[in-house]
Structures are given as structure tokens and as C-alpha cells.
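Letter by letter, the chains look like this.
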Amino acid sequence: MELKKITDVYIIWKETKRQLVKESTLATYMTNAEKHILPAFGNCTKVEDSAAQAFAFGLLERGLSPRTVKDIMLVLKMIVVFGYRKGWQEWHEWDIRLPKDDVHNELKILTHSEQKTMMNFLGSHFSFRNLGLYICLCTGMRIGEICALKWCDIDLDTRMISVNRTIERIYVVDGGLRATKVVIGRPKTASSRREIPINNSLLRILRPLSRFICPDGYVLTNSEKPLEPRIYRRYYKLLMERLDMPRIKFHGLRHTFATRCIESQCDYKTVSSILGHSNISTTLNLYVHPDMGQKRKCIDKMMKSVMK
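Counting of residues starts from 1 at the beginning of each chain's written sequence and follows it residue by residue. Predicted model: local features are reported for residues with pLDDT of at least 70 only, side-chain atom pairs are reported and counted for 80 or more only, and whole-chain, interface and lining totals are derived from all residues. Here the side-chain values reflect all heavy atoms present in the structure, with hydrogen atoms and water set aside.

1. A word on the packing of helix H5 (residues 112–124) against helix H10 (residues 251–263)
Axis angles are defined between N-to-C directions and span 0 to 180 degrees, where every axis is a line fitted to C-alpha atoms and, for a helix, only to the segment in contact. Strands here are runs of E lasting at least two residues and helices are runs of H or I lasting at least four, both read from the DSSP assignment and numbered beginning at the N terminus. One can describe the packing of H5 onto H10 by two numbers: an axis separation of 12 Å at closest approach and a directional angle of 120°. With respect to H10, the element H5 is oriented oblique. The interaxial crossing formed by H5 with H10 has left-handed handedness. In this structure, H5 uses His-112, Gln-115 and Met-118 to contact H10, whose residues at the interface are Leu-253, Thr-256, Arg-260 and Glu-263. Residues are grouped as follows: Ala, Val, Leu, Ile, Met, Phe, Trp, Tyr, Cys and Pro are nonpolar; Asp, Glu, Lys and Arg are charged; all remaining types, including Gly, are polar. Residue composition of the contact of H5 with H10, by class: 2 nonpolar, 3 polar and 2 charged. Oblique is the label for every angle not falling under 35 degrees (roughly parallel), over 145 degrees (roughly antiparallel), or within 65 to 115 degrees (roughly perpendicular). By definition, any crossing whose near helix is turned counterclockwise from its far helix by less than a right angle is left-handed, and any crossing with a clockwise turn is right-handed. Should any heavy atoms of two residues lie within 4.5 Å, those residues are considered in contact.

This is how it looks when you write it as C-alpha cells:
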């Protein structure tokens, strides 16, 4: 069978993936392929170890993060392996070194006093956008999930919030097309579709609103038109400046929630389920970062048990 160039393999691979993955996932694959991979390997029928290694190092030298480089290399491997299995590409398992993620690049969170100040403000200055931030601090929901949350997802009788969808703006690179679009789809993984209990403080805010809401509307707008994440992220940034809060990313609210749960000695499996992680190791790797105070308590507790 005649070997095909990676560009030709990519076109067929892309259409196969279109049937299997979320639109946002496919958009990411296509962006990585058409922006980085095809310019480097589009005319190749084989990618040697040395070429793949040089390509990865070159991406790092251009300022791309280790995580992004790994994602690009994964797409390259998927395309090449797809072509190999079809008999269109030559390939053998690469022996290359990929960059390690910066494990010290931890996401900042709100302190206890900062969180209390923020929640008091949000609770006493009602707007639907402020309500969304309050919900995030009470549930750990992602920004795309809160933007896609509808009133019909909130059940005050059972005191549950159902996470059924997410909204995001994706960058579409498809041949000559370069554009962005907003998509509403299912959450990241099957585990991300979940139910989260409503605590008492959030319930007190939500109950009086039941008479004024648009039942099929989105929570952040109380209308049938959603608010997209980039606009909500801008609103959050301006609010944090107004409150003289530290410059913490929106995702830091989710991190804050997870950290408070763990500080309260909630078991990791339960926290993982609330956050919608597919496995507990994700929760441990992302959110369990003991500070020096916790380390001291741990050692003191250990020594007390030894010296009994």
C-alpha cells in the first residue's frame, strides 16, 4: 500500500475523530495539528525519534508551556499511529523525553478571611452574576459549568444542583477557517455530570428567588441567553479589584472550595466526587497541598502517639 503524507492522514483522522469526541476537544486537536504539526511534518511519511524530539524542544524554546507541548505531541502520535494502523505511515515507538510540568505552579486560593469577606459581600449585594460566584464558592463548579447552569438544574426540594452541561468558546482551525465559536455541550467527563448538595447558606439565598426566575433560563442571566465564560471572567476580575482582593484566577474559587473541604477533614473520595473528577488521584495532585502549619500538626500528632 502506498504511504501517505501526514497531511493526508490528518484529514482522514480528523473526520474519524469528529464522530468520537466533543466538538471542543476536536477543535483543540485541530488547532494543535494545523498550527504546529502540519507545518513541521505535513509532507512526511515517517517521523523519526530525533525529529520528534527536536520538534518538542523547539516548541519549548518558542515559549509554549510543558503541558501544551505534551498535548501537541499527543496529537502528533495519534495521527501517526492512526496512519500506521491503516498502512499509510511508517512508525515505531518513539524513545523521546518530554518536559515535566511545573509542579510548583500551584493555583492561588482565598484565605479564610478573604473568602468570608467575599461571601459576605456577595450575599448582601445581590445580582445574578454575584449569585453565580457564591454558588462556585459553595460547590466548586467550573466556570463553564456555572455559565451553563439553568434554574431547572436547581432542585430546592431535594437541595441538589445537577451539573448537566458546560459552555465554552473554542478556537476553530479547519483548513483556511480561523474563528472562535461558543458551544454548549456535556461536561468534561462522565464523572463531571454530577449532583452537588446545596448548603444552608446558599439555600437561604435561593429560596426567595423561586418566584422571580425564568424556569428555563440560565442562572447568571435569568434569561434563555447564557453568559459566556470570558465575559464572566472579566466581571469577576473587576469585582475582585473593587473588593481589593488578591489577583486570583477564577479557577481559584474551585481550588478554594476544594481546599476548604480538605481542611475540614472531608474524605478525599467525597471531595473528588463533588468536584467531578474521574479518579481520586486528580484531586490529590491538584488540590492537596499541605502548608507548613499542617505539616507541623502532622508531625506533632505523630510524636504524641509515639510518646504515649
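2. Description of the sheet that holds strand S2 (residues 160–163)
Should DSSP find at least two bridges between two strands, the strands are regarded as paired. Read from one edge to the other, the open sheet built from 3 strands follows the order S1-S2-S5, with strand pairing classed as antiparallel. Bordering the open sheet on either side are strand S1 (154–155) and strand S5 (194–197), each of which pairs with just one other strand. Here S2 pairs with S5 via 4 bridges, running antiparallel. Paired with Met-160 across the two strands is Pro-197, which belongs to S5.

3. Concerning H5
Any helix carries an expected span of 1.5 Å times its number of residues minus one. A rise of 1.5 Å per residue sets the reference length of H5, with its 13 residues, at 18 Å; its end C-alpha atoms lie 18 Å apart and thus fit the reference within 8%. Exposed residues in this analysis have more than 50% of their type's maximum accessible area, buried residues have under 20%, and partly exposed residues fall in between, with area computed by a 1.4 Å probe over protein chains only. Among the residues of H5, those classed as buried are Gln-115, Met-118, Met-119, Phe-121 and Leu-122. In a view along the axis of H5, the buried residues occupy a sector of 160°, so they form one face of it. Across from the buried face of H5, at angles greater than 90 degrees, the exposed residues are His-112, Ser-113, Lys-116 and Ser-124. Packing partners of the buried residues in H5 comprise helix H6 (128–139), helix H9 (229–242) and H10. It is the directions from the helix axis to the C-beta atoms that the arc portrays.

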